[in-house]
Every structure is written in C-alpha cells, then in structure tokens.
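Report on the structure
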Amino acid sequence: MIYDVIIVGAGAAGLMTAIQAAQGGLQVLLLEGQKKVGAKILMSGGTRCNVTNKAVSEKDFNSEEIIYVRNILRSFSNEDTIRFFSGLGVELVLEPTGKYFPSTNSGKTVLEALLRKINQAKNITLLCEHKVKAVSRDKEGFILQGDQFHFNGKNVVLTTGGLSYPTTGSDGTGYRLAQSFGHSMVETVPALTPLTTQDNDFKSLSGITLEVQLTLVADGKRCISFRDSFLFTHLGFSGPAALDISRHFLKAKGKKQVIANFIPTYNENSWGEHLRQLGTQNPRKTIRNVLIELMPQRLADIIFKKAGIEASLPMNQLDKASRQRLIDRCVQYPLDVTGVLGYSKAEVTAGGVDWTQINPKTLESKLTLGLFFAGEILDVDGRIGGFNFQWAWASGYTVAQAIIKHRSSHEQEDH
Ligand SMILES: Cc1cc2nc3c(=O)[nH]c(=O)nc-3n(C[C@H](O)[C@H](O)[C@H](O)COP(=O)(O)OP(=O)(O)OC[C@H]3O[C@@H](n4cnc5c(N)ncnc54)[C@H](O)[C@@H]3O)c2cc1C
C-alpha cells in the first residue's frame, strides 16, 4: 500500500496534520515513536494545556524568517483554533491573561478530543512504538524505515518536534532526517527554560512569586524586556518572565546581564522620587514598611541585606547613598544568572530546520518535493501564552491543505 501521506510524530502538529489531511480525503499513516501520543499536550500549561491566545501575531515568535511565520499564522488564526476545538466538543475559555484553556482545565480533554477524531476517521492509521529511523526516496515517493517496519508514501511530513523534554520522544531524530535530505539547520538552543543562579540569598526564596520586569542587557545594550510573573526556585529563577528571556539570554553575544525590576510599576526615576516624597510626607515610616507594601516580606529582607541598609530605619534617616543603593536593588538588580536548565526542562527549542530551503507558503522542502515540515521542528519558537501550540495547529493545517491541493491538481491533470 502506498499512503498519500505519512506523518512522522504524533504531537500537536502531527495530530493536526493527520486530521486535516484525512478531512481532505487523503489516506494517512501517522507514525509515533513513543508508546502513547501527545505527551506534551498532557503536561502543557501545568497540565491545563494553554491551547492558544487572544491575540496572536508574529511579534510573539522568534525566527530567522519572521515574515514567513506571520503568513502561516494568518492562514489558521486563533479563532480558527477555537472553532476547530469547538467542533471537536472542546470549549476553550479565555482567561484575563489572554490565554485560552479548555473549560475542563485539563490537557487530557484536548488530547482525547484529537484522538477521538483520529480514531473516527477511516482513512487514518495511527501506529505507536514506530520510531522512524530513515527516510529515502524511490520512484513512487518515499520509503520510511524503522527497526522492524517500512512503509511507502507519496508525501512525508516531519512533525517530530525539537529537542525539548526529550523524555517525551522529541530527541532530535527529525533534524537528522531533514539533514539526510540536505536541509540545513539554524543553531538550536533550549527556550522557555528556567535560569540558574549561584546566589544563595535568592535561592533561599524558593517558592516566592511576584510580578517583575526582566531586561536582558548585552555589552551594555538593552536587548529585550519581559514583564510577567516570576518565581524564585531552589536552582534559580522561573515563571513566565524568566522562561521568556531564557532563549534570548542564550543567543545574546558578549557580556550579558539580566536586570530585574522587582517593583515594575516604578522605574529608577519614579521610584527615587517616591522614596524622596515619603521622606518628607511620612518621615517616621520605616523602610521595611514601605517595601513590604510592594513586595513579599522575605524578598524585602534580602534586598535590605544586599543593599546593606537597616530595615528599621525611618524614611527621613535614609541618606542619599543608601537611597541610591535601595533604588538599584529594587528596580535594577543585576541577577547573577549562570545559565539555564537546558533541554530537559525547556518547553520548546529555538532554532531548527532552516527556512531558506523551504517553500514558505506550503512548508514543503525546496530540495525534495513531497517532503513537508510542521510544528517545532522548524526554526520557530513562541513566547509563553499558547503561542507554540498555535504554531503547531497553524503549520499542521497549512501542510495538510498544501498536500490536498497538490493531489487535486494532479487528479485534474490525469483527467
Ligand atoms: C512542560 C511543557 C509545557 C508546555 N506548555 C505549553 C502550553 O501551555 N502552551 C503552548 O502553546 N505550548 C506549550 N508547550 C510547548 C508545546 O508543547 C510544543 O511547542 C508543541 O507540543 C510542539 O508540537 P510538535 O508536534 O511540533 O512536537 P512534539 O509535541 O514534541 O511532538 C513530536 C512527536 O514526534 C515524535 N517523534 C519524534 N521523533 C520521531 C521519530 N523519529 N519517529 C516517530 N515519532 C517521532 C515524538 O515522540 C513526539 O510525540 C509546552 C511544552 C512543555 C515541554
């Protein structure tokens, strides 16, 4: 049997590609290396699965070719995602942060709905524990080989993910398959991964969360800033702000610093002004009482320690030099970031299959016609907020439509 399309990897992108291709009447074979499919869907969003976002644009992503990313995102929008899941019986609920989650607050609902659709389709064969080790071409199309199988297909889609959380099955095999067809790679680094530190004071705050603004400075130049929730951990820093900055920290060249503003409603000037005003308006108030209105008490205590200031000092006794130290520690603290936790704890992979050898409209290889890519395997990574799944849905949809269109134009030629 020669399948119309063989999809390698049954994560978010592979499942979407299979469903869409089957709806277009194609005979689909979906091969998954793991025992079970969709591991990341189950663990995503703290097991709640942040499926998409209220506002999605290319600005939420990183890639060497961001315009191509924009075009794919426009071909299947967040509204299309909401409609698609509603059609599968999954209601998505918008949260104040702009994130959409299933109303059940469970990634299981999302995965089960996708699998129901796959199982209902008569023209999809899903085989788990079928890890593809080699893909080659023959006259009819492609041959896919694993340890004890080989299958033939007219088209192949690589939806094997990147290198993040390799225990879920995305171990980089897909990159090697792409490279075997001559595809080049944009260097990969772990993205959306916690930052590490050797600062024991901050490590002792493990479990404390607050809103912060993190700014990456490289060789004295501000590169990028994220204002979001932030979490101290026993190894360093996590939470959306830290996760979002991690790939930029790794990619930046030169002397890098991550500057934390622990009171992001203020900047250096406005915070300085506020402290000066308090000194005259509320002279007896202690510095400690000022700070604990704005941040967790234990963080305030660490900041006093680091600034070398007695917390019980009344505001009117804060001299100019101490005030400046307090300003610096509160709103422009250079965190001692030693690195990141790496792929084992990265939600996505930055970099991947290079766009230069890919048709940006169809996601088909320019080097080998009939070979397609969707999902995280490509050089695209989104920030926290449901953007990475939106990319998986949109790119999977795009590939399926391209293969369907290709087949119908061939059928017309045959007539
Ligand atoms: C902890 C965590 C939380 C996350 N939370 C969110 C979130 O809430 N919202 C969001 O938008 N994104 C989230 N992400 C990111 C999101 O899960 C990924 O971007 C998305 O799953 C990528 O989909 P994919 O199909 O491209 O790759 P993957 O989901 O990695 O799927 C690839 C599949 O291919 C299989 N495979 C690999 N090689 C082969 C081979 N040679 N043969 C056969 N099969 C193979 C793998 O086993 C795997 O099943 C999270 C990620 C993690 C790790």
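For the structure, see preceding data.
Residues numbered from 1 in each chain as written. Predicted model: local features only at pLDDT ≥ 70, side-chain atom pairs only at ≥ 80, totals over all residues. Heavy atoms only, no water.

1. Digging into the site of the ligand
- Surveying the vicinity of the ligand reveals 35 residues, the closest of which are Glu 32, Lys 40, Val 132, Glu 376 and Phe 389.
- At 2.9 Å, a backbone N or O of Asn 50 approaches a nitrogen atom of the ligand.
- Between Gly 386 and the ligand, the recorded distance is 3.4 Å, taken from a backbone N or O atom to an oxygen atom.
- Protein contacts shield 95% of the accessible area of the ligand, which totals 1000 Å² for the unbound molecule.
- Looking at the shell around the ligand, the elements that each hand over two or more residues are α1 (12-23), α2 (39-43) and α13 (387-414).
- The element best represented in the shell around the ligand is α13, accounting for three residues.
- Per-class residue counts for the shell around the ligand are 12 nonpolar, 18 polar and five charged. (Near = heavy atom within 4 Å. Polar contact = N/O pair within 3.5 Å; in protein donor to acceptor, adjacent residues only side chain to side chain. Areas by Shrake-Rupley, 256 points an atom, 1.4 Å probe, with all protein chains shown as cover. Helix = DSSP H or I, 4+ residues; strand = E, 2+ residues; numbered from the N terminus. Nonpolar A, V, L, I, M, F, W, Y, C, P; charged D, E, K, R; others polar.)

2. What to know about the pattern of salt bridges
- Across all of its chains, the model carries 16 salt bridges by this definition.
- Among the ionic pairs, Lys 306 bridges to Asp 199, the shortest N-O distance being 2.8 Å. Here Lys 306, found in helix α11 (residues 297-307), pairs with Asp 199, found in the loop between β12 (195-197) and α7 (200-203); they are 107 residues apart in sequence, far enough to count as distant.
- Judged by its relative accessible area of 10%, Asp 199 is buried. (Salt bridge = Lys/Arg side-chain N within 4 Å of Asp/Glu carboxyl O. Buried < 20%, exposed > 50% of the residue type's maximum accessible area, 1.4 Å probe, protein only.)

3. Digging into α1
- With 12 residues, α1 extends 17 Å between its outermost C-alpha atoms, agreeing within 8% with the 16 Å of an ideal straight helix rising 1.5 Å per residue.
- The buried fraction of α1 amounts to 11 of the 12 residues, a majority that puts the element mostly inside the structure.
- All of the buried residues along α1 are Ala 12, Ala 13, Gly 14, Leu 15, Met 16, Thr 17, Ala 18, Ile 19, Gln 20, Ala 21 and Ala 22.
- Just past α1, the residue Gly 25 takes up positive phi, approximately 90°. (Expected span 1.5 Å × (residues − 1).)

4. Notes on the side chain of Thr 233
- Among the secondary structure elements, Thr 233 is positioned in the loop between β14 (221-232) and β15 (236-238).
- At a separation of 3.1 Å, a polar atom in the side chain of Thr 233 contacts the main-chain amide nitrogen of Leu 235.

Any functional reading would require information beyond the geometric quantities listed.
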